[in-house]
Each structure stands twice: as C-alpha cells, then as structure tokens.
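# Analysis of the macromolecular model
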Amino acid sequence: MVEEIARATGEHVVIVAAAMIVATIAGIPLGIFCVRRVRLGKVMLRVIDIIQTIPSLALFGFLIPVPYIGGIGIRTAIVALILYSLLPIVRNTVTGLNGIDPLIRDAAIAVGMTDRQRLMNVELPLALPSIFGGLRIAAVIAIGVATIGAAVGGGGLGTLIFRGVAMVDTTRILAGALPAAALALIADLLFGALERMSARRFGSAA
Amino acid sequence: MKRTILALSLLLLATCKRAHEPIVVGSKNFTESVLLGEIIAQRLEKAGCTVDRKLDLGGTLVCDHAITAGSIDVYPEYSGTALTAILHRPASGDRAAVMKSVSDDYARRGLKWSPPLGFENTFAMIVRKSDAPKFNLRRISDLRLVEGTFRPGFGYEFVERPDGWNGLQQKYGLHFAEPARTMDLGLTYRALATDQVDLIAGNSTDGLIDALNLLQLEDDRHFFPPYDTVIVQRSDIGKKCAAAPAALESMRNTLDVATMRRLNLSIDRDHRSPAVVAKELQR
C-alpha cells in the first residue's frame, strides 16, 4: 500500500510539474502579448476563459480522440492540465503588467531604455508578485484536477481514489485524497513564499 | 418572501403525499448493466409502476450498498460477482451451487436473488488477434510467455476484486513486469485497439470483441466462477408497486448471449442510447 501511494504521488508530481512548466513557458509570453496587443489580447483571454469553463472530465474526454496530443494515458492528462493552468498564469501576468505605475514606465522611457530592457528590467520584475500569485493558483488547481485524469488512464493519485470509489473503500479513497491535499498545501506555501519574496524585493506592483 | 416559503412548503407537502413511491432501478457503470437497468425499468413501467432511474452508479459495491440501504430497489447482478466480491466466498465452478449459495445469503440480507435472465457474462481476458499467432496466445496460461513485455490495462474494479487481476495472476503463476494501468472500464477497448495496452479484461458479452478483431483467451485453469446474470430486488418491492414482482418474474430466461452481444455492440459501436435499444427489444 505504501509503495503504491509513493508511486501514485510520484506520478502525480510529474504530471503537474510537466504541465506547469509548459503552461508557464507559454503563459507568461501570452500575458505580455495580451498587454501589448490589447484588442487581440482580449479575444485570446476570452478563449482561455472559455477553456476554463469546460468541466474537467469532459475536457479529458474531448482529448481522447485527438491524435498526437490526446489518447489514453499520461499525455492527455498533461495536455488538459496545461490548458487549465493557462488562465491564472496569463491573467495574473496581465494584471501585474497593467498594475505598474505609468510614471515608472515613463521614467524608464526617459532614461532611454529600449522596449526589451524596459520589459526585462522594469516591468516583469514589478509584475513578478502577481505572476507568482498566478502560478500558485494554477498549481493548486492542477493538483486537484489531475486526480480526475485517472479516468483516462493518466495515473497519479486519482487512480487510488477511483479504485476506492469503485469498491466503497474509504481507506483507499483517503490514500489518494490525503497526499493530493498535502501536495496542494505544499504548492500553495511554496508559491506563496515566492510571491512574498518577490514583493519585498521589487516592491508591490499588484 | 413569506409567500414563497408558503408555496415551497405546499409543494413539499404535495410531493410527500404522492400515492406511489417510485421504484428505483439501479445499474453499474458499464454498457450492459445500464442496458439491463433500462430494460428492467421499461418492463416495470409497462406493468404500470412508477420508475425512477439511477443507472450508471459506480461499481458493484456501490450498487450493493445502495440496495441494502434502500436507495435503489432493483438492479442486475452476476452470480460470480455476488459470490466473491460482495459475499467474500471462495470462487466455485459449480454453477447450481453458486446460485443456491448466493440466493440463500441474499435472502438473509432482505434481498431476493431472482429471476435469472438466461445468459452468462464472464470476465474475458482479451488480446489483439494480431498478437495471438506472434506470441502463441490461446489460453490465459499462455500469458506467461509475454509477462515480461505485455502492458495490462483494466477498469478500477478488476484491479481490486478477489476474482480480479491479483487472484488471476496467483492462480496462473503470472508475474507481469508492468503494473496494470487503470482507466475507465469503457476506455480499455480503445486502449487495446490503439496499441496503448496489450491485455484487457472485458465482458464475454461485449460485442466489441469481434468488432475490433480481438481474441478472448480461454480460462484453462477455471479461475473465474460462473457469472449468471440475475435480477436482485428488495424483498419488499411489492409494497411500492404490486405489479412489480410479476413483471420482473416475466423476464426469466428471456435473454441469451447472442442477443446481448448484438445489443451491447449497437450501443458501444453505433453509439445508440440504451433507452432506445431497450425499447426496441420490448416490441
């Protein structure tokens, strides 16, 4: 049993971590894009919003027949989680960037910074607390939603929960649910700490 | 506000006073069980009973808890499943003895184990037909040849049940290198057909076995007990609708394996709704 829980927890962490890494790499630039190209950005945010409203089990189901990214197994689970994690990351990046005092931006322009320098050295650092806040929400949601991925063969802690439900075995349900809750708490604390650290270092922009 | 509360409480009273409490029909969460639940429901409705459907419940034990608690009144079950998974008795190959033993135990639990519907649905260990000549697979004991490489994939229940994966491996002395991948039972066929797993446990009445060009391995050491399909009903079901016991009894031995394969296939492959398929059968 312990071995099973350890294996399922390991799988769970891998699924969530993989999804979070991709979602972060894609989400932050998407957020920057949304701020730069306001009109197109609004459309994009709306699309990401809509993805978020699809019930998770349905999203897993939709992905099964999709070639390359879908199917039955861990890949489908990761792709679904990427899609879910995008919204908080993109939205918080936008919020963070939009929340910067215009005077600071003007000052950066006045000292002759290029577009790129301004983004990398001024705007992104100031938006960092908000971005970490987005990552924090995304991670907590992803850890929860990942349990449902077990329905499509995604593995992870959901396997134990589904098996427990099928056999009305409370112990087994808890064996899946408690580690998942613990992972969510750890992620919350970790990103919460990063959020506070960056806020102290760069001053709060959000 | 006051008026709303008044209206609501009146509505509540009205529902309480309804003359006939509906008979609640349950089923497990796989094609054949939902279809049988639907057939039972329609037969009861035809007999004039009010019916509430709670189909697609979780697995075996969810249904069993529901019927012993009185949340459902009737659902389809299989003798071998009742014997091993619910009653925790050792598996036995004697068909009549299994039926008798389950029937007696159920009577003690306030449940009536009757009538049998006329067909058996046993677990089917299934591989791709194309793999059979390659690895010389015909019987379950032949799986020893591929235990190092084959990836098994099952529904959640099969992994947990005493008459499931662990028991089967023990009985046949199998030691699969890959742990079983678990997924929704309905997805296992797709996973097998698309090469994502190599061995699944389906039902012998699944029409997809032939349709997807798959092969059911012979249970050469007789691990699985007989699984005759039987209606389980609460002994007091007649109190809710006097016509119910006779209506259910009229279903005795009315179905056979060939019919079930055909009906299951028309749902699984042709995506027809169990309600429509059941309705056609009534005619």
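Think of each chain on its own: its residues are numbered from 1, step by step along the sequence as written. Starting at A for chains and at 1 for ligands, labels are handed out in the order in which the entities are written. Per-residue local features of the predicted model are confined to residues with pLDDT of at least 70, and side-chain atom pairs are confined, for both listing and counting, to 80 or more; whole-chain, interface and lining totals are unaffected and use all residues.

It is worth spelling out the overall build of chain A at this point. The helix and strand labels rest on DSSP assignments: H or I over at least four residues marks a helix, E over at least two residues marks a strand, and numbering proceeds from the N terminus. In terms of regular secondary structure, chain A is built from eight helices and zero strands. Along chain A, from the amino end to the carboxyl end, the secondary structure elements read α-α-α-α-α-α-α-α. Taken across its 206 residues, chain A has 45% of its residues classed as buried. Once local pairs closer than 6 in sequence are excluded, the contacts in chain A between residues at least 24 apart make up 76%. The burial label depends on the number of other C-beta atoms within 10 Å of a residue's C-beta. Counts of 20 or more mean buried, 12 or fewer mean exposed, and intermediate counts mean partly exposed, with C-beta atoms placed from the backbone. By the convention adopted here, residues make contact when the C-beta atoms placed from their backbones lie within 7 Å.

This part covers the packing of helix H2 (residues 38-53) of chain A against helix H4 (residues 74-98) of chain A. Geometrically, a packed helix pair is captured by the angle between its two axes and the distance between the axes. All names here are of chain A. Convention adopted: a line fitted to C-alpha atoms gives each axis, helices being fitted over their contacting stretch, and angles between N-to-C directions are expressed from 0 to 180 degrees. Contact geometry of H2 with H4 gives a least axis separation of 8 Å together with a crossing angle of 135 degrees. Put simply, H2 runs oblique to H4. Once H2 is placed against H4, the crossing between them reads as left-handed. Mapping the contact onto sequence places Leu45, Ile48, Asp49, Ile51 and Gln52 in H2 and Leu83, Tyr84, Leu86, Leu87, Val90 and Arg91 in H4. Orientation categories follow fixed angle ranges, with anything under 35 degrees roughly parallel, anything over 145 roughly antiparallel, 65 to 115 roughly perpendicular, and all other angles oblique. Helix crossings are classified by the rotation of the near helix relative to the far one: an anticlockwise turn of less than a right angle makes the crossing left-handed, while a clockwise turn makes it right-handed.

Okay, the nonpolar core next. By our criterion, buried Ala, Val, Leu, Ile, Met, Phe, Trp, Tyr and Cys residues that link up through C-beta atoms within 7 Å make up a nonpolar core. The biggest cluster of nonpolar side chains holds 129 residues, and the ones touching the most others in it are Leu81(A), Ala142(A), Ile23(B), Val25(B) and Val74(B). Segmentation into domains, and thus their bounds, comes from an automatic or database assignment. Inspection of this core shows a minimum of three residues originating in each of domain 1 (21-121 + 226-282) and domain 2 (123-216) of chain B. Setting aside its immediate chain neighbours within four residues, Val25(B) contacts Gly37(B), Ile40(B), Ala41(B), Leu44(B), Val51(B), Arg53(B), Lys54(B), Ile72(B), Val74(B) and Tyr75(B).

Taken together, the 19 residues of chain B in the interface contact 14 residues of chain A. Breaking the side of chain B that touches chain A down by element, the ones donating at least two residues are helix H3 (60-69), helix H7 (156-160), strand S7 (181-182) and helix H9 (188-193) of chain B. Per-element accounting of the side of chain B that touches chain A gives the leading share, four residues, to H7(B). When grouped by side-chain class, the residues that make up the side of chain B that touches chain A number seven nonpolar, seven polar and five charged. Gly is put with the polar residues, along with every residue not named as nonpolar or charged; the nonpolar set is Ala, Val, Leu, Ile, Met, Phe, Trp, Tyr, Cys and Pro, and the charged set is Asp, Glu, Lys and Arg.

Excluding glycine, most residues fall at negative phi; most peptide bonds, likewise, are trans. Residue and element names in this part refer to chain B. In this model, Ser114 is joined to Pro115 through a cis peptide bond whose omega is -5 degrees. Tracing the backbone shows Pro115 in strand S4 (residues 111-120). Although it is not a glycine, Asp195 sits at a positive phi angle of roughly 70 degrees. Here Asp195 shows up in the loop between H9 and strand S8 (199-203). In this structure Asp195 comes out as exposed when scored by C-beta crowding, with 11 C-beta atoms within 10 Å. One non-glycine residue with positive phi stands out, namely Asn213, at about 60 degrees. Relative to the elements of secondary structure, Asn213 occurs in the loop between helix H10 (208-211) and strand S9 (214-216).

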